[in-house]
Amino acid sequence: MVSVVRGNVVDLPTNVSLSYFWCGGFMISVFLVIQVVSGVILSLLYVGDAGVSFGLVLDFVNESLFLWFVRYLHIWGVTFIFLLFLVHMGRSFYYSSYSKLGVWNVGFVLYILMMIEAFLGYILPWHQMSYWAATVLTSILNSIPVVGGKLYEFIVGGFGVTNVTLVRVFSAHVCLAFVIIGLSVIHLFYLHKGGSNNPLSAPGGYSDVVLFHSYFTSKDGAVLVLLLLLLGGGLMISPDAVLDVEKYIEADPMVTPVSIKPEWYFLAFYAMLRSIESKVGGLVLVLIFLFVLWLPTFNSSCVYSVLRQYVFWGCCSLYFILSYLGACHPEYPFVFISKFCSLLIVVLLMLFKGLWAVPYSGGFPRLVL
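Residues numbered from 1 in each chain as written. Predicted model: local features only at pLDDT ≥ 70, side-chain atom pairs only at ≥ 80, totals over all residues. Heavy atoms only, no water.

Asker: Quick question: what am I supposed to make of the overall build of the protein here?
Answerer: Helices and strands together make up the secondary structure of the protein, namely 13 helices and two strands. The burial tally for the protein puts 46% of its 369 residues in the buried class. By sequence separation, contacts in the protein at least 24 residues apart represent 79% of the contacts at least 6 residues apart. In the form shown here, the protein has an accessible surface area of approximately 18600 Å², with 74% of it arising from carbon and sulfur atoms. (Helix = DSSP H or I, 4+ residues; strand = E, 2+ residues; numbered from the N terminus. Buried < 20%, exposed > 50% of the residue type's maximum accessible area, 1.4 Å probe, protein only. Contact = heavy atoms within 4.5 Å. Areas by Shrake-Rupley, 256 points an atom, 1.4 Å probe, with all protein chains shown as cover.)

Rendered as structure tokens:
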């Protein structure tokens, strides 16, 4: 066991050119542990019952200072994880890390599962926005031809979102957390097996390397301390900054909110879903976007291609624009702009993945300018 730890953490040969952007994976792992620990504590006190869940979650704040801290730590932890995910995946795109198939495939599955896990956790407090967000998003499943009805009934447990749905969501939320931990270990295994990329795109056997400790442990430690300070500052100064006002209103199936919107990390996908008039069409658009996002191609560093950098930053800009549009009321011109941006980001992703592709020969990749 000691030799495994030393080989993967202490004596791991690592390219000396790695910057602070390569700290993202370690930061996500730390916050994932925080989420699991705080989630286990909350799950021991939570009851999956539509009649009492809302009041019980609010009582966590008034019960004791410890429970208040654990609950808000769990809430803020999700925000930090998805912020780190954006940075981590953005760096992977920028430096073409998706050409490392094992690491990229497991990492992308982790991203999908993390979004599912976050959505399941969003439903559990049973407030007004979580109930209606669950109602709207699960209704999309019902519109899928042939299997949609059965799939909807299997997930929801009936003809609509009810107490049965809440019980299933709670069970799935707890179980999926441990699946994510297992996949994180597999992701780390593939990373250390195939090696990481680097800003210079230098082959692993022909580059300057140093031991992971203490050169990179000090970098990771410095970033971790900074993030924990930001987390603590957010908790102490404005703990409700990441919460919507609707989260203090109990779910009422008879009253529909004026504007239904999910958490900020789902807003871009939500804007895509509602940009198409057909529910199935919106779902197909999101699936196409995710497929192109995942699609691994063999191409060399976009760092040295000015045109590819324009394409990359264009995709980033469109993603943030879609996130803003997802929070807007679904009316003209927001829906029209969402449709245009959704189609454009898919096209730009195809260009980013395809135009600079190079044949894979099994040897060192060629540099494409």
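After that view, the rundown keeps rolling.
Asker: Can you walk me through the packing of aromatic side chains in this structure?
Answerer: The geometry of an aromatic ring pair is captured by two quantities: the separation of the ring centres and the angle between the planes. Tallied over the entire structure, the rule returns 30 aromatic pairs. Relative to Trp132, the ring of Tyr131 lies with its centre 5.3 Å away and its plane at 90°, an arrangement referred to as edge-to-face. Across this residue pair, the class does not change: Tyr131 and Trp132 are buried. Look at Phe189 and Tyr190: their rings are 5.5 Å apart centre to centre, the planes differ by 65°, and that puts the pair in the edge-to-face class. With a relative accessible area of 33%, Tyr190 lands in the partly exposed category. Over the ring of Tyr72 we find Arg71, and its NZ or CZ is 5.6 Å from the ring centre. (Phe/Tyr/Trp six-rings, centres within 6.5 Å; stacked < 30°, edge-to-face > 60°. Lys NZ or Arg CZ within 6 Å of the ring centre and 35° of its normal.)

Asker: I'm lost on a nonpolar patch on the surface in this one. Help?
Answerer: Residues Val40, Leu44, Leu45, Phe178, Ile181 and Val185 make up a contiguous nonpolar surface patch of about 550 Å² in total accessible area. Here the nonpolar patch takes three residues from helix 8 (residues 163–194), the largest share from any one element. (Patch = residues over 30% accessible without salt bridge, like charges linked within 9 Å, V, L, I, M, F, W, Y side chains within 5 Å. Salt bridge = Lys/Arg side-chain N within 4 Å of Asp/Glu carboxyl O.)

Asker: Honestly, the nonpolar core in this entry has me stumped. Any pointers?
Answerer: Nonpolar side chains in soluble globular proteins tend to end up buried together. Membership of the largest hydrophobic core comes to 96 residues, with the highest contact counts inside it found for Phe93 and Phe289. Take this core: its biggest share by element is 14 residues, from helix 4 (residues 65–94). Formed jointly, this core draws a minimum of three residues from each of two domains, domain 1 (7–253) and domain 2 (261–356). Residues in contact with Phe289, not counting those within four places in the same chain, are Phe269, Met272, Ile345, Val346 and Leu349. (Core = buried A, V, L, I, M, F, W, Y, C linked by side-chain atoms within 4.5 Å. Domains from an automatic or database assignment.)

Asker: Just checking my understanding: could you explain the layout of surface pockets for this structure?
Answerer: Remark: the empty space left among the atoms is shown by a probe the size of a water molecule rolled over them. If you add up the space inside the second largest pocket, you get close to 1000 Å³. Along the wall of the second largest pocket there are 26 residues; nearest its centre are Met115, Ile116, Phe119, Leu137 and Leu141. Contributing elements (two or more residues each) for the lining of the second largest pocket: helix 5 (101–123), helix 6 (128–142), helix 7 (148–156), helix 8, helix 10 (267–275) and helix 11 (279–294). Split into classes, the residues belonging to the lining of the second largest pocket amount to 23 nonpolar, two polar and one charged. (1 Å grid on protein atoms, 1.4 Å probe; cavity = no way out; pocket = protein on both sides within 12 Å on 5 of 7 lines; lining within 4 Å. Points joined across faces, edges and corners; volume = space filled by probe spheres on them. Nonpolar A, V, L, I, M, F, W, Y, C, P; charged D, E, K, R; others polar.)

Asker: Any chance you could explain empty space enclosed by the protein here in plain terms?
Answerer: Counted according to the given criterion, the structure contains one cavity of 30 Å³ or more. Surrounding the largest cavity, Phe54, Val57, Leu58, Arg71, Pro125, His127 and Lys247 form its lining. Per-element tally for the lining of the largest cavity: the top contributor is helix 3 (residues 53–63), with three residues.

Asker: When you look at the side chain of Lys353 in this model, what are you seeing that I'm missing?
Answerer: You can see Lys353 is positioned in helix 13 (residues 334–354). No salt bridge forms around the buried Lys353; measuring N to O, its nearest opposite-charge neighbour Asp220 is 25 Å away. Within the local environment of Lys353, its side chain forms a polar contact with the backbone oxygen of Val292, the two atoms lying 2.9 Å apart. Of the polar contacts made by the side chain of Lys353, one reaches the backbone oxygen of Leu293; its length is 2.9 Å. (Lys, Arg positive; Asp, Glu negative; His and termini not counted. Polar contact = N/O pair within 3.5 Å; in protein donor to acceptor, adjacent residues only side chain to side chain.)

Asker: Explain unusual backbone geometry to me, please; I cannot follow it from the model alone.
Answerer: One can expect most non-glycine residues to show negative phi and most peptide bonds to be in trans. A cis amide bond links Tyr332 with the next residue in sequence, Pro333, at an omega value of 5°. Along the polypeptide, Pro333 turns up in the loop between helix 12 (306–326) and helix 13. The backbone of Trp126 shows a phi angle near 60°, a positive value even though the residue is not glycine. For Trp126, the position within the fold is in the loop between helix 5 and helix 6. Phi is positive for Val146, which is not a glycine, with a value near 70°. Relative to the elements of secondary structure, Val146 occurs in the loop between helix 6 and helix 7. Judged by relative accessible area, Val146 falls into the exposed class, the value being 83%.

Asker: Mind showing me how you'd approach the confidence of the model for the protein here?
Answerer: Predicted coordinates in regions of low pLDDT should not be interpreted in detail. Per-chain confidence: the protein averages 85 in pLDDT, with 90% of residues scoring 70 or above. Within the model, the stretch residues 360–369 combines pLDDT values under 50 with 18 contacts to residues more than four positions away or in other chains. (pLDDT = per-residue confidence, 0-100.)

Asker: How do you make sense of the pattern of salt bridges when you look at a structure like this?
Answerer: Oppositely charged side chains are able to pair whenever their charged atoms sit close together. Under the defined criterion, the tally for this structure stands at three salt bridges. The salt bridge partner of Lys247 is Glu263, with a shortest N-O separation of 3.1 Å. Separated by 16 residues along the polypeptide, Lys247 in the loop between helix 9 (212–237) and helix 10 and Glu263 in the loop between helix 9 and helix 10 bring together distant segments of the chain. A relative accessible area of 11% means that Glu263 is categorised as buried. The salt bridge partner of Lys339 is Glu277, with a shortest N-O separation of 3.2 Å.

Asker: I would appreciate a short explanation of the environment of Met236 in the present structure.
Answerer: Within the secondary structure, Met236 sits in helix 9. Judged by relative accessible area, Met236 falls into the exposed class, the value being 57%.

Asker: How should I be thinking about helix 4 in this particular structure?
Answerer: For helix 4, with 30 residues, the first-to-last C-alpha span of 43 Å sits near the 44 Å given by 1.5 Å per residue. Within helix 4, 24 of the 30 residues are buried, leaving the element largely enclosed by the surrounding structure. Ser96 occupies a position one or two residues after helix 4 and carries a positive phi of about 55°. (Expected span 1.5 Å × (residues − 1).)

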